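Here is how the chains run, residue by residue.
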Amino acid sequence: MDSKWRVLDLTAFEGFVSYERGRLKVGERSAPLAEVDFILLGPGCSWGYGLVGGLERFDVAAAICDWKNTPISTLYHWSSNTKVFTRHEAQAQLTLPRSKNAWKQIIKAKLRGQANALDAMGRPNADQLRAFARAVKSGDPNNLEGQGARLYWSSYMPEGGFRRNQVGDDTVNGMLNYGYTILRGRVLTRVIAAGLSPTLSLFHRNRSNGFALVDDLMEPFRPAVDYAVYKLLLGGATELGRPEKAALVGVLAEKISEDQDFTVRSVIEDFCIEFALYVEGKRERLSVPTWERVTNGDEAEKEGERGG
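Residues numbered from 1 in each chain as written. Predicted model: local features only at pLDDT ≥ 70, side-chain atom pairs only at ≥ 80, totals over all residues. Heavy atoms only, no water.

Q: Tell me about the pattern of salt bridges, and please be specific about residues and values.
A: A complete count under the given rule lists 14 salt bridges for this structure. The partner of Glu 145 in a salt bridge is Lys 110, and the shortest N-O contact between them spans 3.0 Å. Separated by 35 residues along the polypeptide, Glu 145 in helix H5 (residues 144-156) and Lys 110 in helix H3 (residues 96-121) bring together distant segments of the chain. Across the pair, Lys 110 and Glu 145 agree in class, each one buried. (Salt bridge = Lys/Arg side-chain N within 4 Å of Asp/Glu carboxyl O. Helix = DSSP H or I, 4+ residues; strand = E, 2+ residues; numbered from the N terminus. Buried < 20%, exposed > 50% of the residue type's maximum accessible area, 1.4 Å probe, protein only.)

Q: Tell me about the sheet that holds strand S8 (residues 71-75), residues and numbers included.
A: Pairing between sheet strands relies on hydrogen bonds along the backbone, with the strands arranged either parallel or antiparallel. Ordered by their spatial adjacency, 4 strands build an open sheet running S1-S5-S7-S8, and the pairing between neighbours is mixed. Both edges of this open sheet fall to strand S1 (6-10) and S8, since each of them pairs with a single strand only. Looking at each pair of strands side by side, their axes are set apart by 20° on average, direction ignored. Across 4 bridges, the pairing between strand S5 (residues 36-41) and strand S7 (residues 61-65) is parallel. (Pairing = 2+ DSSP bridges. Axes fitted to C-alpha atoms, helices over the stretch in contact; angles between N-to-C directions.)

Q: Pulling in residues and values, what's your account of the pairing of S8?
A: In terms of strand pairing, S7 meets S8 through 4 bridges, oriented antiparallel. Opposite Ile 64, over in S8, you have Ser 73 as the bridge partner.

Q: Explain the packing of H3 against H5 to me, and be specific about the residues and the numbers.
A: When two helices pack together, you describe them by how their axes are tilted relative to each other and by the distance separating the axes. Their axes nearest at 11 Å, the elements H3 and H5 cross at an angle of 15°. If you check the angle between H3 and H5, you find them roughly parallel. Crossing handedness for the pair H3 and H5: left-handed. Each of Trp 103, Ile 107, Lys 110, Leu 111, Gln 114, Ala 117, Leu 118 and Met 121 in H3 lies in contact with H5, whose residues at this interface are Leu 144, Glu 145, Gly 148, Tyr 152, Ser 155 and Tyr 156. For the contact of H3 with H5, the class distribution of residues is 9 nonpolar, 3 polar and 2 charged. (Parallel < 35°, antiparallel > 145°, perpendicular 65-115°, else oblique. Left-handed = near helix turned anticlockwise from the far one by under 90°. Contact = heavy atoms within 4.5 Å. Nonpolar A, V, L, I, M, F, W, Y, C, P; charged D, E, K, R; others polar.)

Q: How would you explain the packing of aromatic side chains if you had to name every residue and give the values?
A: The final tally for this structure, using the stated rule, is 10 aromatic pairs. Plain terms: the ring middles of Tyr 152 and Trp 153 are 4.9 Å apart, the flat faces sit at 65° to each other, and that makes the pair edge-to-face. Each member of the pair, Tyr 152 as well as Trp 153, is classed as buried. Ring centres of Tyr 156 and Phe 162 lie 5.8 Å apart, and the angle between their planes is 55°; on these two criteria the pair is classed as tilted. Phe 162 matches Tyr 156 in its accessibility class, with the two residues each being buried. Through pairs of rings, three or more aromatic residues link up here, namely Tyr 152, Trp 153, Tyr 156 and Phe 162. Cation over ring: Arg 98 sits above Tyr 278, and NZ or CZ is 4.0 Å from the ring centre. Over the aromatic face of Trp 153 sits the side chain of Arg 164, whose NZ or CZ is 5.9 Å from the ring centroid. (Phe/Tyr/Trp six-rings, centres within 6.5 Å; stacked < 30°, edge-to-face > 60°. Lys NZ or Arg CZ within 6 Å of the ring centre and 35° of its normal.)

Q: I'd love a proper account of the nonpolar core, names of residues and values included.
A: Counting 77 residues, the largest nonpolar core has Tyr 156, Leu 217 and Val 229 as its most contacted members. With residues up to four places along the chain from it excluded, the contact list for Val 229 reads Tyr 156, Val 172, Met 175, Leu 176 and Leu 248. (Core = buried A, V, L, I, M, F, W, Y, C linked by side-chain atoms within 4.5 Å.)

Q: Kindly report on the sheet that holds strand S3 (residues 23-26), identifying the contributing residues and their values.
A: One open sheet holds the 4 strands; their spatial order is S4-S3-S2-S6, and the pairing between them is mixed. Two strands close off the open sheet at either side, each with one partner strand: strand S4 (29-32) and strand S6 (45-47). Pairs of neighbouring strands in the sheet enclose a mean axial angle of 25°, with direction left out of account. Looking at chain direction, strand S2 (residues 15-20) and S6 are connected through 3 bridges and run parallel. Residue pairing for S6: Val 17 is matched across the bridge by Trp 47. Helix H1 (residues 49-57) contacts S2, S3 and S6 of the sheet and is inclined by roughly 50° relative to S2.

The analysis is restricted to geometry; functional conclusions fall outside its scope.
Structure, rendered in structure tokens:
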């Protein structure tokens, strides 16, 4: 992973986390906050105002996790974007037709990405997911996202009887949930940087969810995590250890597709800005990225050996 932008996982650390002269201090080690994207703080961590001030200064968000590594709270600063009021107001006044149309484009991209993931894994039903994507209407009134999810997860790991569970503590669900946490953290920081309110959403609704828009905008990027988990399991991973966490953090540094040089990290930022322009009425149609597996030489060689 590009070391310039890091996700620091401190969920296993026990001690005081502090900030001093531009650096995050963790025990005897330190890292420049200017090179950090997101921090995960565990139940053994303690910190003071200095850390909060440092996070604000360097535009870094932190998730506070419980003993299962599940985020239960978030530290993030108020947006300094000069258009924050204008964009919050535009979100609040977004018409229902435009809101439904944006959700349609997001779900179409998510379904196409899931189809690409199944193709990359050699699983069936990718063509059916693409058919669902073509059939999505404004607002997804037929819940093709839900239908697609049932088909997708039943095809994801059929040999192991896998069932997707957002609170599951088995290895596969644990890896997926961890990867989604990293993804969510990146989207959260870029939503705020774009001057958007993370609460004013298109689809997700929950009175206790302060990041509903984040959950909306991260949907197209989920297949990147799904495929990363598949590769870890294919490589023999049996637990969510440090190597597995590092690989899932590395998803942000991977290319979004074969024909683009942009990473998942940079495309998330561009997409949040695109959404901000859409709610302001400066884009007639929301352009949503689609994830596609990028094959490197080592991976192609391994798949050739498996096929032989």
